[in-house]
Amino acid sequence: MTDKPEPPDEAAGAGFATRAIHAGQHADPATGATVTPLYLTSVFTYASVGVHRGYEYSRHSNPTRTALEQCLAALEGGEHAFCFASGVAASDAVFRSLRPGDHVLLAEDLYGGTYAQVEALIRPMGVEVGYADACDAGALAQAMRPNTRLVWIETPSNPLLRITDIAACAGAAHEVGALLCVDNTFASPALQTPLSLGADVVMHSTTKYLGGHSDLIGGAVITSNAGMAEWLETVSRIGGAIAAPFDCWLTLRGVKTLQVRMRQHCANASAVADWLRARPDVARVWYPGFEDHPGHATASRQMRGGFGGMVAAELAGGGPAAVSLLNAVRTFALTGSLGGVESILSYPWQMSHKPLSPEERLRRGVTPGVVRLSVGLEEAEDLMADLDQALAGA
Ligand SMILES: Cc1ncc(COP(=O)(O)O)c(C=O)c1O
């Protein structure tokens, strides 16, 4: 299927952190360089006519990208991984496997850009699009159709951190012959591996926790489904929205520290969530680590090592209080992304979820008073002090 060399198996069977540092990242065959080199080349010289050394042209494959793909496949426990130029290029590659007359069923609570993509690019192709509350097994089963080919969920979801039972969802999808794809961006494979729970496809915005340093844009899809892998190989080669070598190199460097970063993201997020919950000016806090979070039992079962670095909160003072808080933070950056070492405060009402109509946002609980926190790796006390001073004026 590919001219990429077979994955080396020296890290196969090793623990997560070992795979993160070693899978796909063997010493460079040409020089012995221990760290995977950045192969900035579009072409690879043939040994003779028709004989190449495993690589021909960097749109098809590039050794730096291959190393990252092998590493991500090993981390998610999949046979194949494909790295794309962005998270939305990765999701686009999966959605484009659908054909006119097929039905795709998406969870209601998901990244606004995924919603925008499906509505702007996929529905006009003649694909039927439906939404359901994926946290409600009954609602999900009812929304399935005989022509459902793909079910798409996020857990924890963006922005309200709702938890979907991946194994139950996979069962429901498989009953009608559909594939289940999980956007695993919020959890990262350090905390959750959907393929091991029955999902068929995993998608990532590597821009977030996998890269981990807010310095790149990238996406990835991982699968053991042979048909989907063949399709992704085709889309990657012929569609060409592949990840550039430098972005792959940065992502590989980020992935090496994923496990330790996620441990600290989880610890800081848990501390900040507890602190926010005790404030009278905060009406509601969403964090799957709370024992009374409706998805806590499921999250405890399907996540390991923590509940993630994301927290959502609704201010008692609604929209005006949220805007005042967002404008007053100093250590938190006011911006739209997540998953970096620095803490980020974002405003789903005007940022990630703007593609949805105001009515849709409200129906999904994304009110003007909701803020989303990507809790970074600063000292938790400094983060609380920043929120304290910013809330004082809210
Ligand atoms: C959960 C989730 N999925 C996908 C994406 C899209 O990723 P990218 O911005 O890398 O295209 C994002 C971006 O914010 C996201 O939060």
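Read on for an overview of the structure.

Rules used in this analysis
- Residues numbered from 1 in each chain as written.
- Predicted model: local features only at pLDDT ≥ 70, side-chain atom pairs only at ≥ 80, totals over all residues.
- Heavy atoms only, no water.
- Helix = DSSP H or I, 4+ residues; strand = E, 2+ residues; numbered from the N terminus.
- Near = heavy atom within 4 Å.
- Polar contact = N/O pair within 3.5 Å; in protein donor to acceptor, adjacent residues only side chain to side chain.
- Areas by Shrake-Rupley, 256 points an atom, 1.4 Å probe, with all protein chains shown as cover.
- Contact = heavy atoms within 4.5 Å.
- Buried < 20%, exposed > 50% of the residue type's maximum accessible area, 1.4 Å probe, protein only.
- Pairing = 2+ DSSP bridges.
- Right-handed = clockwise from strand over helix to strand, strands pointing away.
- 1 Å grid on protein atoms, 1.4 Å probe; cavity = no way out; pocket = protein on both sides within 12 Å on 5 of 7 lines; lining within 4 Å.
- Points joined across faces, edges and corners; volume = space filled by probe spheres on them.
- Nonpolar A, V, L, I, M, F, W, Y, C, P; charged D, E, K, R; others polar.
- Axes fitted to C-alpha atoms, helices over the stretch in contact; angles between N-to-C directions.

Comments concerning unusual backbone geometry
A cis amide bond links Thr155 with the next residue in sequence, Pro156, at an omega value of -10°. Turning to its location among the elements, Pro156 is positioned in the loop between strand 4 (148-154) and helix 6 (166-175). In this structure, Pro159 follows Asn158 across a cis peptide bond, with omega equal to 10°. Here Pro159 is to be found in the loop between strand 4 and helix 6. A positive phi angle, close to 55°, is found at Leu161, a residue other than glycine. Secondary-structure assignment places Leu161 in the loop between strand 4 and helix 6.

Examining the site of the ligand
In the region of the ligand, 14 residues are neighbours, and Val88, Asp183, Ser205, Thr207 and Lys208 sit closest. Here an oxygen atom of the ligand sits 2.7 Å away from a polar atom, N or O, in the side chain of Thr207. Look at the ligand: alone it shows 390 Å² of surface, and the protein chains cover 91% of it. Those elements giving two or more residues to the shell around the ligand turn out to be helix 3 (87-95) and strand 6 (201-205).

Examining the environment of Ala93
Inspection of the secondary structure puts Ala93 in helix 3. Look past the residues within four positions of Ala93 in its chain and what remains in contact with it is Phe84, Trp231, Leu232 and Val235.

Re the pairing of strand 4
Burial within strand 4 is extensive, with six of its seven residues counted as buried. Strand direction decides the pairing type here: strand 2 (residues 103-107) and strand 4, joined by four bridges, are parallel. Across the sheet, residue Leu106 finds its bridge partner in strand 4, namely Trp152. Here five bridges tie strand 4 to strand 5 (residues 179-183), and the two strands are oriented parallel to one another. Directly across from Leu150, in strand 5, lies its bridge partner Leu179. Chirality of the crossover, the property in question, places the unit of strand 4, helix 6 and strand 5 among those that are right-handed.

Quick word on empty space enclosed by the protein
Taken as a whole and assessed by the stated rule, the structure comprises three cavities of 30 Å³ or more. Estimated volume of the largest cavity: approximately 50 Å³. Classifying every residue of the lining of the largest cavity by side-chain character gives four nonpolar, two polar and five charged. Surrounding the second largest cavity, Leu68, Cys83, Phe84, Thr206, Leu216, Ile217, Gly218, Gly219, Ala243, Asp247, Cys248 and Thr251 form its lining. Of all the secondary structure elements, the ones that give two or more residues to the lining of the second largest cavity are strand 1 (80-84) and helix 8 (245-256). In terms of residue class, the lining of the second largest cavity is built from seven nonpolar, four polar and one charged.

Section: the sheet that holds strand 8 (residues 282-286)
Spatially, five strands are ordered 8-9-12-11-10 in an open sheet, and the strand pairing comes out mixed. Lying at the two open borders of the sheet, with one neighbouring strand each, are strand 8 and strand 10 (333-334). In the sheet, strand 9 (residues 310-315) pairs with strand 12 (residues 370-374) via five bridges, with the strands oriented antiparallel. Counted as the bridge partner of Met310 is Ser374 from strand 12. In this fold helix 11 (residues 318-328) packs onto strand 9, strand 10, strand 11 (344-346) and strand 12, with an angle of close to 130° to the strand it touches most, strand 9.

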